[in-house]
Amino acid sequence: MQKSSDILKLRTLLCFLSYDEKECTVTKIARTLGEEKYAISRVLQSLQREGFVNRENPRNPHLTRKGEEEVNKYANRIRISMNHLMYEGLNVDSAEKNALYWALYNTDDAMDIFQAADERYRVKYEMSHKKRFSGAELCSKMKDGVYQFPFLIYKEHIDNGNHISWANEGFEHPCSLRIKNGVGTIHLRTKVMIERHPKTGEVVKGYAKSLKYLELGEYVSAEYNGTALSFPASAVNFLNIGSGVGQILHGSVCVKLGSFVGNVNRPEFSAVFTILI
């Protein structure tokens, strides 16, 4: 099937969301879309064969239950796509045109990514009037779901001009922020690190084994299930930096990390975990 016919079918389906059932006639759909009535009649026949439209009364077609589910799915895809494109600077007309193609031809995985981005844009806008806020306040405004965000782990003190902690390589990137009922949890999945002994040159493996986060003046142990460490997002304090496309929600919390390198249990050291939204 050619793309132009797919787009016309989608635009026709969307018309059913714009009118009352009695008003959704072939003539009105054709006039709205700037198409000939015979072209719309053919599209409706196709939609009828697919089970999306009931045409028992040819002059007054209406959506079936299956058709309602289909059109609502694509309307949501279009909304997400338009928000994403307009946030990136595309004008309304171009965003609307491209959103039809995105809604039809993007994979579910791609749409999941755009939906997560749409939620980030929304939350950034809601928090744009605040300079500082807590992770608890941020998460209370987010929809339930799992979101992926970049992060960095900084040394407590800069060493030889390098401020990134070795622990930054001890976890998979990005981290996950899981929201349920307005409460957020940050999840860090550990991975094996490779180090070379500074004196012997021996290559050894290491991994992060513990993390403590600072909350209300005390360090609290994160949950550890053998492959991942998790701690509440409420421990993170956020700073609003920039505006518009350049806006970043910069969250940070002091942490203490423990690790095994080779067969050596290294002592805990202090660092700063930073998440960027």
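The preceding data block contains the structure.
What counts, and at which threshold
- Residues numbered from 1 in each chain as written.
- Predicted model: local features only at pLDDT ≥ 70, side-chain atom pairs only at ≥ 80, totals over all residues.
- Heavy atoms only, no water.
- Patch = residues over 30% accessible without salt bridge, like charges linked within 9 Å, V, L, I, M, F, W, Y side chains within 5 Å.
- Areas by Shrake-Rupley, 256 points an atom, 1.4 Å probe, with all protein chains shown as cover.
- Salt bridge = Lys/Arg side-chain N within 4 Å of Asp/Glu carboxyl O.
- Helix = DSSP H or I, 4+ residues; strand = E, 2+ residues; numbered from the N terminus.
- Buried < 20%, exposed > 50% of the residue type's maximum accessible area, 1.4 Å probe, protein only.
- Expected span 1.5 Å × (residues − 1).
- Phe/Tyr/Trp six-rings, centres within 6.5 Å; stacked < 30°, edge-to-face > 60°.
- Core = buried A, V, L, I, M, F, W, Y, C linked by side-chain atoms within 4.5 Å.
- Contact = heavy atoms within 4.5 Å.
- Pairing = 2+ DSSP bridges.

A. Just a nonpolar patch on the surface, in detail. Together, Val192, Ile194 and Val203 give the surface a local cluster of nonpolar side chains, amounting to about 280 Å² of exposed area. Along the chain, Val192 turns up in the loop between strand E8 (183–189) and strand E9 (193–196). On the accessibility criterion, Val192 (52% relative accessible area) is exposed.

B. Representation of unusual backbone geometry within the structure. Here the residue pair His173 and Pro174 is connected by a cis peptide bond, since its omega of 0 degrees sits within 30 degrees of zero. Following the sequence through the fold, Pro174 ends up in the loop between strand E6 (162–164) and strand E7 (175–180). In this structure, Asn181 takes a positive phi of about 55 degrees despite not being glycine. Assignment of secondary structure puts Asn181 in the loop between E7 and E8. A relative accessible area of 65% means that Asn181 is categorised as exposed. You will see that Leu216, though not glycine, has its phi angle at about 55 degrees, which is positive. Within the element layout of this structure, Leu216 appears in the loop between strand E10 (203–215) and strand E11 (218–221). We classify Leu216 as exposed; its relative accessible area is 87%.

C. The pattern of salt bridges, seen in detail. Tallying each qualifying case throughout the model produces 7 salt bridges. A salt bridge links Arg79 to Asp118; its shortest N-O distance comes to 3.0 Å. Residue Arg79 is located in helix H4 (residues 65–87), and its partner Asp118 is located in helix H6 (residues 108–126); the two are separated by 39 residues in the primary sequence. It is possible to trace a salt-bridge network through shared partners that takes in Glu119, Arg122 and Glu126.

D. H4, seen in detail. With 23 residues, H4 extends 33 Å from end C-alpha to end C-alpha; this agrees with the ideal 33 Å at 1.5 Å per step. Taken together, the buried positions of H4 are occupied by Gly67, Glu70, Val71, Tyr74, Arg77, Ile78, Ile80, Ser81, Met82, His84 and Leu85. One or two steps after H4, the chain reaches Gly89, where phi turns positive at roughly 110 degrees.

E. Focus on the packing of aromatic side chains. As enumerated under the stated definition, the model contains 10 aromatic pairs in all. With centroids separated by 5.4 Å and ring planes inclined at 45 degrees, the aromatic side chains of Trp166 and Phe269 adopt a geometry described as tilted. With Trp166 in the loop between E6 and E7 and Phe269 in strand E16 (residues 264–276), the pair connects residues that are 103 residues apart, well separated along the chain. The class for Phe269 is partly exposed, based on a relative accessible area of 22%. For the pair Tyr207 and Phe260, a centre-to-centre distance of 5.8 Å together with 45 degrees between the ring planes defines the contact as tilted. With Tyr207 in strand E10 and Phe260 in strand E15 (residues 248–261), this residue pair connects regions lying 53 residues apart in the sequence.

F. The nonpolar core, seen in detail. Among the nonpolar cores identified, the biggest contains 36 residues, and Leu138, Ile186, Leu211, Phe231 and Phe273 are the most heavily contacted of them. Here this core gets 4 residues from one element, more than from any other, and that element is E15. Leaving out residues up to four positions away in the same chain, Leu138 has contacts with Val123, Met127, Phe133, Phe238, Leu249 and Ile277. In terms of nonpolar packing, the next biggest core, distinct from the first, is built from 29 residues, Leu8, Leu10, Val26 and Ile40 among them.

G. Quick peek at the pairing of strand E13 (residues 228–232). With 4 of its 5 residues buried, E13 lies for the most part within the structure. Bridge analysis of E8 against E13 gives 5 bridges, and the strand direction is antiparallel. Following the sheet pairing, Arg189 is matched in E13 by Ala228. Relative to E13, strand E12 (residues 223–224) runs antiparallel, the two sharing 2 bridges.

Worth remembering: the numbers are spatial, not functional.
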